[in-house]
Amino acid sequence: MKFENSKKLYKKGLVNLVGAVNSPVRAFASVGGTPLFIKKAKGSKIIDVDGNEYIDFVLSYGPMILGHRNKIVENEVKNALKKGTTFGATTKGEIKMAQAVCEAFPGMDKVRFVNSGTEAILSAIRLARAFTGHDKIIKFAGCYHGHTDALLVAAGSGLATLSIPGSKGVPDDAVKNTLIAEYNNIESVKAHIEKHSDIAAVFIEPIAGNMGVVLPSPEFIKELRAITKEKGILLVIDEVMTGFRSKFGGAQELLAIKADITCLGKVIGGGFPVGAYGARNEIMEMVSPLGDMYQAGTLSGNPIAMACGLATLKELEFQNPYKKFEKIAKQLENALLDAAKKNGIDLQVNRFGSMINPFFTKEKVVDFKTAQSSNTELFKTFFWTMIENGVFLPPSQFEAWFLCSELSKKDLQKTEKAIYTAMEAVAKK
Ligand SMILES: *Cc1c(COP(=O)(O)O)cnc(C)c1O
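Residue numbers run consecutively from 1 along every chain, following the written order of its sequence. In view of the model being predicted, local features appear only for residues whose pLDDT reaches at least 70, and side-chain atom pairs are presented and counted only at 80 or more, with totals across whole chains, interfaces and linings using the full set of residues. As a convention, hydrogens and water are excluded, and side-chain values are obtained from all of the structure's heavy atoms.

Regarding the sheet that holds strand β10 (residues 275–279)
- Strand order in the open sheet made by the 7 strands is β4-β10-β9-β8-β7-β5-β6, with mixed pairing throughout. Two strands in the sheet have a free side with no partner beyond their single neighbour: β4 (110–114) and β6 (178–181). Pairs of neighbouring strands in the sheet enclose a mean axial angle of 20°, with direction left out of account.
- By the convention used here, strands pair only if DSSP detects at least 2 bridges between them. The secondary structure listing takes helices from DSSP runs of H or I that are at least 4 residues long and strands from runs of E that are at least 2 residues long, numbered from the N terminus. The pairing of strand β5 (residues 136–140) with strand β7 (residues 199–204) spans 3 bridges and is parallel. Paired with isoleucine 138 across the strands is valine 202, a residue of β7.
- Against the sheet, helix α4 (residues 117–132) makes contact with β4, β5, β7, β8 (234–238), β9 (261–264) and β10, and its axis sits at roughly 165° relative to β9, the strand it touches most. For helices, the fitted line uses only the C-alpha atoms of the stretch in contact; every axis is such a line through C-alpha atoms, and the angle between N-to-C directions lies from 0 to 180 degrees. Here, residues are in contact when the closest pair of their heavy atoms is within 4.5 Å.

Here is the structure:
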């Protein structure tokens, strides 16, 4: 497989782009080599600038759940384009989109659209503080909630239990109100709640997807809901990744809990920049212009993005691919475990709906610490062998693979074959 054109573009890109990318994971830092530059994509396939074709399990990190260039979605976007791209006034599409989202999430009476998951989260922090009058927030080590200052601690860095910024440029003051708890460890939450009477909210990924896929135990999530409710602390469920991925609606419904505030992104834009936060009326009425919590956006609810998002949601509801996802994920899990076993490799596979990923470790992965026990060197070999065999995976041990509804039997056969070849390569390491 040749990557000459990618290599050339990478060199060119380095001049005026930072690291030749606009988001760091695209730089392939944790797997080495030159990042792939993409020319186009269609359905379940993505094609790089050297003409190599891959089955796409990155799917832009989630949004492309219908695969690339779904005809119906593409037509809706084209129609919307003919009317103009942005107006600075509300359009009918925003109302329809709000209706669709509120119907899919029982805990949401009202929603505000923004332009990214990060923006949804930073708005939710402000809203939780406005509503409760408290400043402190709890987050879990290994959960990622976008790059807003207050939550850029223990967001995949090694600083799991201290409120030390995970990035330069984040002042200690910006994270002094952030408390870190451990995923699947309710005692770590209780300890904070006992010590602090001024906690506004707990932020959680209902299924963690940014340390690899990590599922909450049913007791943990139930107790988390119960204790936050009892103490008047808002539970903010970050469904930016999980929203519409494992059912039409949220993971919180499958987990039988209801958020006070829900954050969305990724799938709801269908490939355009859309984020959202929503809650019951009592909370959302705090938001400007109904209330005194200010939050605004020049391009928020952009008509093209709304048309794309709404068409994606409608098509998703129509296709209802969730049983198919379950079946495919199970099939991939079996192949991964079998291929690992045949080659004497320690492997865990975690999955939920259309999110799945293997961890190269013998420890069961239930939190950030156990995820960190993975052998990232082995993942590198696995990743590049998969690429060589026509399968595009997220270039990190700690990213979920995503499934799209366009995956065919043939795609899966090819993927399974690649998995066996890649595990053999790993075993030789
Ligand atoms: C991707 C992600 C975000 C951030 O969304 P952006 O659109 O990248 O800003 C926040 N939370 C979770 C759980 C995510 O997966």
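Picking up where we left off.
Here we look at the pairing of strand β3 (residues 53–56)
- Here strand β2 (residues 45–48) runs beside β3; their pairing, made up of 3 bridges, is antiparallel. Residue pairing for β3: isoleucine 47 is matched across the bridge by glutamate 53.
- Linking β2 to β3, which pair antiparallel, is a turn of 4 residues; within it glycine 51 sits at a positive phi near 85°.
- Pairing between β3 and strand β13 (residues 391–392): 2 bridges, direction parallel. Residue pairing across strands places aspartate 56 opposite phenylalanine 392, the latter belonging to β13.

Some details on the pattern of salt bridges
- Salt bridge criterion: a side-chain nitrogen from Lys or Arg within 4 Å of a carboxyl oxygen from Asp or Glu. Scanning the entire structure with this criterion turns up 17 salt bridges.
- As a salt-bridge pair, glutamate 74 and arginine 69 come within 2.8 Å of each other at their nearest N and O atoms.
- For arginine 69, a relative accessible area of 46% puts it in the partly exposed group.
- Between lysine 190 and glutamate 187 there is a salt bridge, with the nearest N and O atoms lying 3.9 Å from each other. With lysine 190 and glutamate 187 both in helix α6 (residues 186–195), this residue pair falls 3 residues apart, about one helical turn.
- Partly exposed describes any residue whose relative accessible area lies between the buried limit of under 20% and the exposed limit of over 50%, with all areas from a 1.4 Å probe on protein chains only and scaled to the type maximum. Since its relative accessible area comes to 23%, lysine 190 is described here as partly exposed.
- One continuous salt-bridge network, built from bridges that share partners, spans Arg225, Asp260, Arg280 and Glu282.

With respect to the packing of helix α2 (residues 71–81) against helix α10 (residues 303–319)
- Where α2 meets α10, the axes come as close as 9 Å, and the angle between the chain directions of the two elements is 155°. Comparing their axes, α10 and α2 come out roughly antiparallel. The crossing of α2 and α10 is right-handed. Residues Ile72, Val73, Glu76, Val77, Ala80 and Leu81 of α2 form the contact with α10, whose participating residues are Pro303, Ile304, Ala307, Cys308, Ala311, Thr312 and Glu315. When describing relative orientation, an angle under 35 degrees is termed roughly parallel and one over 145 degrees roughly antiparallel, while 65 to 115 degrees is termed roughly perpendicular and anything else oblique. For any pair of crossing helices, the crossing counts as left-handed if the nearer helix is rotated counterclockwise from the farther one by less than a right angle, and right-handed if it is rotated clockwise.

Quick notes on α10
- What a helix should span is 1.5 Å times the count of its residues minus one. The end-to-end C-alpha separation of α10 is 24 Å, in line with the 24 Å expected for 17 residues at 1.5 Å each.
- The element α10 is largely enclosed, with a buried count of 13 among its 17 residues.
- Measuring from the backbone nitrogen of isoleucine 304 back to the side-chain oxygen at the start of α10 gives 3.0 Å, which picks out asparagine 302 as the cap.
- Looking one or two places after α10, you find asparagine 320, whose phi comes out positive at around 40°. Polar contacts, as used here, are pairs of N or O atoms within 3.5 Å; protein pairs need one atom able to donate a hydrogen and one able to accept it. Residues neighboring in sequence count only if both atoms are side-chain atoms.

Here we look at the domain arrangement of the protein
- For each domain, the first and last residues come from an automatic or database assignment. The assigned domain composition of the protein is domain 1 (4–65 + 321–427) and domain 2 (71–318).
- Relative placement of domain 1 and domain 2: their C-alpha centres are 26 Å apart.
- Once two parts are brought into contact, the accessible area they lose, counted with a 1.4 Å probe and summed over both, makes up the buried area. Here domain 1 meets domain 2 over a buried area of about 2300 Å², counting both sides, of which 67% is carbon and sulfur.
- Looking at the side of domain 1 facing domain 2, the largest losses of area belong to Tyr322, Phe352 and Phe368, adding up to 33% of the total buried there.
- Here domain 1 and domain 2 share 0 salt bridges between them.
- At the boundary of domain 1 with domain 2, the tally comes to 9 residue pairs in polar contact (both at pLDDT 80 or more).
- At the level of secondary structure, the elements contributing two or more residues to the side of domain 1 that touches domain 2 comprise α11 (322–342), β11 (348–352), β12 (355–359) and α12 (368–371).
- Ranked by residues supplied to the side of domain 1 that touches domain 2, first place goes to β12 with 4 residues.
- The classification used treats Ala, Val, Leu, Ile, Met, Phe, Trp, Tyr, Cys and Pro as nonpolar, Asp, Glu, Lys and Arg as charged, and all other residues, Gly among them, as polar. Considering only residue class, the side of domain 1 that touches domain 2 consists of 19 nonpolar, 5 polar and 3 charged.

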